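Secondary and tertiary structure notes
Here's the letter readout for the chains.
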Amino acid sequence: MSKIDFTLHNIPLLLTRNKSKQWQEDIIQSSTALLNFLKNNELLIGIEPFDDAGKLKTDTVIKMSNVTQEGLELFKTTVDEWYKYLAKSTVPNKYKNISRLEKGLAKIRKTKS
């Protein structure tokens, strides 16, 4: 029996949830920050979420098979909390604040060692 390859982050679906320009901009900014973090920390497998110019590919879908074990743990333990912070925050550059993601990953890596 094969394992189900669950979707962890689906940019096209998120973008269709709301037609508001602000909503779509928020999705692109948060997805860019999240996927940059995953890429920079070598948590992605076999997927490139950015084009040659470094711009987010808005057709990117991240599945369980696209992340390392640490990446999967991060989605399970930290990503939702980061999104809750973003939803509440009114700081203009809130998407640059990835400290929750960094702390979550550090905790995962510390527990592993």
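Residues numbered from 1 in each chain as written. Predicted model: local features only at pLDDT ≥ 70, side-chain atom pairs only at ≥ 80, totals over all residues. Heavy atoms only, no water.

**Brief notes about the overall build of the chain**
Selection rule: The secondary structure listing takes helices from DSSP runs of H or I that are at least 4 residues long and strands from runs of E that are at least 2 residues long, numbered from the N terminus. Each radius of gyration reported is based on C-alpha atoms, and the globular scaling rule is 2.2 Å times the count of residues to the power 0.38.
A count of helices and strands for the chain gives four helices and two strands. Listed by position from the N terminus, the elements making up the chain come as β-α-α-β-α-α. Against the compact-globule benchmark of 13 Å for 113 residues, the chain has a radius of gyration of 14 Å, which places it among compact chains. Once the C-alpha set of the chain is aligned to its principal axes, its extents read approximately 40 × 30 × 30 Å.

**Quick word on the environment of Leu38**
Heads up, the condition is: In what follows, a contact means two residues having at least one pair of non-hydrogen atoms within 4.5 Å.
As for its position among the elements, Leu38 is in helix H2 (residues 21-40). Spatially, the C-alpha atoms of Leu38 and Val67 are 8.3 Å apart, while their sequence positions differ by 29 residues. Beyond its immediate sequence surroundings of up to four residues, Leu38 is in contact with Leu43, Leu44, Leu74 and Phe75.

**Thoughts on the pattern of salt bridges**
Side-chain pairing between opposite charges can occur once the charged atoms of the two side chains come close. Applied cut-off: The working definition used for a salt bridge is a side-chain nitrogen of Lys or Arg within 4 Å of a carboxyl oxygen of Asp or Glu. Residue exposure (1.4 Å probe, protein chains only): buried if accessible area is under 20% of the type maximum, exposed if over 50%, otherwise partly exposed.
Taken as a whole and judged by the stated rule, the model has four salt bridges. Measuring nitrogen to oxygen at the nearest pair gives 3.0 Å for the salt bridge that ties Glu48 to Lys39. Here Glu48 falls in the partly exposed class, since its relative accessible area comes to 34%. Here Glu81 makes a salt bridge to Lys84, at a shortest N to O gap of 3.4 Å.

**Regarding the packing of helix H3 (residues 69-88) against helix H4 (residues 99-112)**
Helix-helix packing: each pair is described by the crossing angle between the helix axes and the interaxial distance. Selection rule: Think of each axis as a best-fit line through the C-alpha atoms, taken over the contacting stretch in the case of a helix, with angles from 0 to 180 degrees between the N-to-C directions. Each angle receives one of four descriptions, namely roughly parallel if under 35 degrees, roughly antiparallel if over 145, roughly perpendicular if within 65 to 115, and oblique otherwise. The handedness criterion is simple: a crossing whose near helix is rotated anticlockwise from the far helix by less than a right angle is left-handed, and one whose near helix is rotated clockwise is right-handed. Nonpolar residues are Ala, Val, Leu, Ile, Met, Phe, Trp, Tyr, Cys and Pro. Charged residues are Asp, Glu, Lys and Arg, and all others, Gly as well, are polar.
Interaxial distance between H3 and H4 falls to 9 Å at its minimum, and their mutual angle equals 150 degrees. On the basis of their axis angle, the class for H3 and H4 is roughly antiparallel. For the pair H3 and H4, the sense of crossing is right-handed. Contacts between H3 and H4 involve Glu70, Glu73, Leu74, Thr77, Thr78, Val79, Glu81, Trp82 and Tyr85 from the first element and Arg100, Leu101, Gly104, Leu105, Ile108, Arg109 and Lys112 from the second. Partitioned by chemical class, the residues of the contact of H3 with H4 number seven nonpolar, three polar and six charged.

**Some words on the nonpolar core**
The nonpolar side chains of a soluble globular protein tend to be buried, and buried together. Here is the rule we go by: By nonpolar core we mean a set of buried residues, namely Ala, Val, Leu, Ile, Met, Phe, Trp, Tyr and Cys, connected to one another through side-chain atoms within 4.5 Å.
Within the largest apolar cluster, 25 residues are counted, with the highest numbers of intra-cluster contacts made by Leu34, Leu35, Leu38, Leu74 and Trp82. Elements that contribute at least two residues to this core include exactly helix H1 (11-16), H2, H3 and H4. Broken down by element, the residue count for this core peaks at seven residues, all from H3. Ignoring anything within four residues of it in the chain, the contact list for Leu74 reads Phe37, Leu38, Leu43, Val79, Leu101, Gly104, Leu105 and Ile108.

**Points about H4**
Under the convention used in this document: Each helix should span, by expectation, one fewer than its residue count multiplied by 1.5 Å. In this description, the arc belongs to the directions extending from the helix axis to the C-beta atoms.
The terminal C-alpha atoms of H4 lie 20 Å apart, and with 14 residues this matches the ideal 20 Å at 1.5 Å per residue to within 8%. Buried within H4 we find Leu101, Gly104, Leu105 and Ile108. Across the axial projection of H4, the buried residues extend over an arc of 95 degrees, all falling on one side. Pointing more than 90 degrees away from the buried face of H4 are the exposed residues Lys103, Lys107 and Lys110. At its buried positions, H4 is contacted by H2 and H3.

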